[in-house]
There are 4 protein chains.
Amino acid sequence: MLETETTTRRERRIAARKAQLLEAAAHVFSHKGYEKATTKEIAEVADVSEGTLFNYFATKRELLIGVAKAYADEVAADIASVQGETFEDMLAQLMANRFRRGQERRLFMLFLYESRLNADVHEYYVQEALHRIIAATEQRLTALIDSGVMRPVDPAIAARMMSATIMGFAALFELGVSIGTGSPEKLGADVTDIYLNGLRN
Amino acid sequence: MLETETTTRRERRIAARKAQLLEAAAHVFSHKGYEKATTKEIAEVADVSEGTLFNYFATKRELLIGVAKAYADEVAADIASVQGETFEDMLAQLMANRFRRGQERRLFMLFLYESRLNADVHEYYVQEALHRIIAATEQRLTALIDSGVMRPVDPAIAARMMSATIMGFAALFELGVSIGTGSPEKLGADVTDIYLNGLRN
Amino acid sequence: MLETETTTRRERRIAARKAQLLEAAAHVFSHKGYEKATTKEIAEVADVSEGTLFNYFATKRELLIGVAKAYADEVAADIASVQGETFEDMLAQLMANRFRRGQERRLFMLFLYESRLNADVHEYYVQEALHRIIAATEQRLTALIDSGVMRPVDPAIAARMMSATIMGFAALFELGVSIGTGSPEKLGADVTDIYLNGLRN
Amino acid sequence: MLETETTTRRERRIAARKAQLLEAAAHVFSHKGYEKATTKEIAEVADVSEGTLFNYFATKRELLIGVAKAYADEVAADIASVQGETFEDMLAQLMANRFRRGQERRLFMLFLYESRLNADVHEYYVQEALHRIIAATEQRLTALIDSGVMRPVDPAIAARMMSATIMGFAALFELGVSIGTGSPEKLGADVTDIYLNGLRN
DNA sequence: AATGAATGAGACTTCATTCAT
DNA sequence: TATGAATGAAGTCTCATTCAT
């Protein structure tokens, strides 16, 4: 047996365990909130003993940071994949990608809240995820303005405004506020319409 | 001394105590979050003993509900006072009124988070506050559309979109995301401009 | 009821509780050692709940420091009371006072050990207690040398040597080493004899 | 390969492993104390896995006993080597040999403490080591008295007194009490002087 | 009505020991 | 034989809630 193979197998096992624990933690944190979640329940969901959990993450807080990091990575990969050329495509993808699944929205709410109380979470969620999304949006808007498709509005403000709208919709959804009677597609189309053409007659 | 007078005086004193405790609770909850806040600290801030606190609120959770109720009342009073005739005025007031003070934003974040975890908080915050704001906005938009000032967009969606944008801005602000280099007035003007005239060239 | 009386009664009750807990802690620490002692057992010995214990001492370590402080105070009071004029009296009192009771010896062993591992304990035990004993002994020896009763040996070394001997005897006793077949009085007399007259023929 | 040779080789390997583990344990125990020392750290210092450690010592306590036994053996070998003919030589060697190195003093403190809490440690440390030293000292003193060099004091008490003094000096040193301003040689000479000639003028 | 000491359930975390590989 | 991941008992500490004064 080669050294590298042995090492790799062990590393794979460790990585799998960590992933398994992070998944369980994400589940429990997103449903109960960080403080109400117990390491006991996380261990149960991951189907390991509580002691085992602490072999992989030294503290409960590290578990939260691990979930935040994984979430930020996912978001980063996601925005890199947004390829729509037109504004309609871009906005639709931004609105859909992040918040389609309930778990995504719950994690978003979790980090929205915990970022204010924990510096590490703030770093991963706000710096790594949120700032990237905003920067990417701003770049796209600048290009659209330069190409003459859009009016010369302040792209920094427009990008933040779009992020704010999307985050706000996610929050409304999560709070159980019914949004329109139509399909998600109609919602996307209506929002895009207002963003593009404005409300003025 | 008449019975009723005595009763009234007692009731006033009780109401004052409750208000004093709710104010302290709002302060501590909004800074520490519900779970990390302790009844000990709330009592200290209210300058009463912990025992007294529990004479007025049976559980810590009731305190949270009380704060949510007071917050909803405040919001209700606030939207009743929005009098702006033009769209610009309406949007400006909505953006400014709720979230100008840090305490307001922090409470907003608190209830945004806790509404998902507690049915009573959800009732007061979402039903009493959020739905009212949205309904009022929707009414106003309908009027503006009927009067021909605005295009015939779906007023339900537009109202929710505006609430979402405002909530999202509050969250971004609370997360420390820098929003534009200009003044709050410029931000308000820019947002209004995009909402009114759209982004398309 | 006067303010001062009320306050005093409360303070007395608090002081009594603290003393009760310190006594229990001294008992358990001296028998089990600091690490093996549990807050559960200390609370049981003090006949209060574990929660109550932590209302008076924030951490287990503070409890140890409290015991050390009380012990140092006791030692300080004790050395102040050593009044023997002659060398024989002084040595006899030093040997007897500190270590006659088992609890005293056990605490001595505890702090001897824990002083190396905890700065606060070191401060109270070594600085407050040990250094005082040595300094007082040194002063007395200097006086005896000046008065011509004793030879001009280095009083600093002689004082430390006497302390070392006494501490060593306490340790031997605590370890169950049988010391002489005679009475404690004979031991004291023999040790004094050797210190005074030396071993040389 | 002969059976006996194989067995012997294995036994040698086992003995070497045990020695390696005991050395690591002595190091960690003497620095951290028994309770705060972890089997994990001992294994790391010995450069083996925790599982291996438990293949050689069934419990952590057995490790402590092993260290005590090794320490007692070393002390026994040491006292056998004390060859000084005169009292000065004997006292000097006793004071120097055991406690010159910090590791020695720390182990001394460890066993001084743990002997009271563990019967096996007590057996090895007190019975094997301490009693032998005292017995050897007593023998020597008896010889010196018989030969007329020393006064006819009780040799049992004198031997215990000398052990006590030496142990006490080791403790004072370990506690950071400064002992005289001079060299260790001066200290040894002064102590010997007092022991031989006494303090009386 | 106000107080705050007492309570005890339950949280996070540590670590000696086991055991499958 | 060596490994180290898994275990779970046990420890310290927190805090909402109760209740005698």
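Everything that follows concerns the structure shown earlier in this document.
Q: Tell me about the arrangement of the chains, and please be specific about residues and values.
A: The two partners chain A and chain C share no contact, and the minimum distance between any of their C-alpha atoms is 20 Å. In this assembly chain B lies apart from chain D, the nearest approach of their C-alpha atoms being 31 Å.

Q: Tell me about the protein's contact with DNA strand E, residues and numbers included.
A: Around DNA strand E lies a shell of 31 residues, among which Arg17(B), Thr52(B), Arg17(C), Thr52(C) and Tyr56(C) are the nearest. Backbone atoms, meaning sugar and phosphate, form 66% of the atoms of DNA strand E found within 4 Å of the protein. Note that a phosphate oxygen of DNA strand E is positioned 2.6 Å from one of the side-chain N or O atoms of Thr52(B). Every element with two or more residues in the surface near DNA strand E is listed here: helix H3 (50-56) of chain A, helix H1 (3-32) and helix H3 (50-56) of chain B, helix H1 (3-32) and helix H3 (50-56) of chain C together with helix H3 (50-56) of chain D.

Q: If you had to explain the relation of the copies chain B and chain A to someone new, which residues and values would you point to?
A: Least-squares fitting of chain B to chain A yields an RMSD of 0.4 Å, with the superposition described by an axial translation of 0.0 Å and a rotation of 178°. Taken together, the rotation angle and the small translation identify this as a two-fold axis. Interface overlap between copies: 100% of the residues of chain B at the interface are likewise at the interface in chain A, consistent with a symmetric, same-surface contact.

Q: An account of the relation of the copies chain C and chain D is requested, with residue identities and associated values reported.
A: When chain C is fitted onto chain D, the two copies agree to an RMSD of 0.4 Å after a turn of 178° and an axial shift of 0.0 Å. Looking at chain C, 100% of its interface residues are interface residues in chain D too, so the copies touch through the same face.

Q: Describe the interface of chain C and chain D, and please don't skip the residues or the numbers.
A: Listed as interface residues are 59 residues of chain C and, on the opposing side, 59 residues of chain D. With both chains or domains summed, chain C and chain D bury close to 5300 Å², and 66% of this area falls on carbon and sulfur atoms. On the chain C side of the contact with chain D, Arg151(C), Leu175(C) and Leu199(C) bury the most area, a combined 15% of that side's loss. Inspection of the region where chain C meets chain D yields six salt bridges. Between Arg116(D) and Glu174(C) there is a salt bridge, with the nearest N and O atoms lying 3.6 Å from each other. Linking chain C with chain D are 26 residue pairs in polar contact (both at pLDDT 80 or more), by the criterion used here. Going through the elements one at a time, H1, helix H6 (102-114), helix H7 (119-146), helix H8 (155-174) and helix H9 (184-197) of chain C are the ones with two or more residues in the side of chain C that touches chain D. With 12 residues, H8(C) is the largest single contributor of residues to the side of chain C that touches chain D. Here the residues of the side of chain C that touches chain D are counted per class, giving 31 nonpolar, 14 polar and 14 charged.

Reading guide: rules and limits
- Residues numbered from 1 in each chain as written.
- Chains lettered and ligands numbered in written order.
- Predicted model: local features only at pLDDT ≥ 70, side-chain atom pairs only at ≥ 80, totals over all residues.
- Heavy atoms only, no water.
- Contact = heavy atoms within 4.5 Å.
- Near = heavy atom within 4 Å.
- Polar contact = N/O pair within 3.5 Å; in protein donor to acceptor, adjacent residues only side chain to side chain.
- Helix = DSSP H or I, 4+ residues; strand = E, 2+ residues; numbered from the N terminus.
- Least-squares fit on C-alpha atoms with pLDDT ≥ 70 in both.
- Buried area = accessible area lost by both parts, 1.4 Å probe.
- Salt bridge = Lys/Arg side-chain N within 4 Å of Asp/Glu carboxyl O.
- Nonpolar A, V, L, I, M, F, W, Y, C, P; charged D, E, K, R; others polar.

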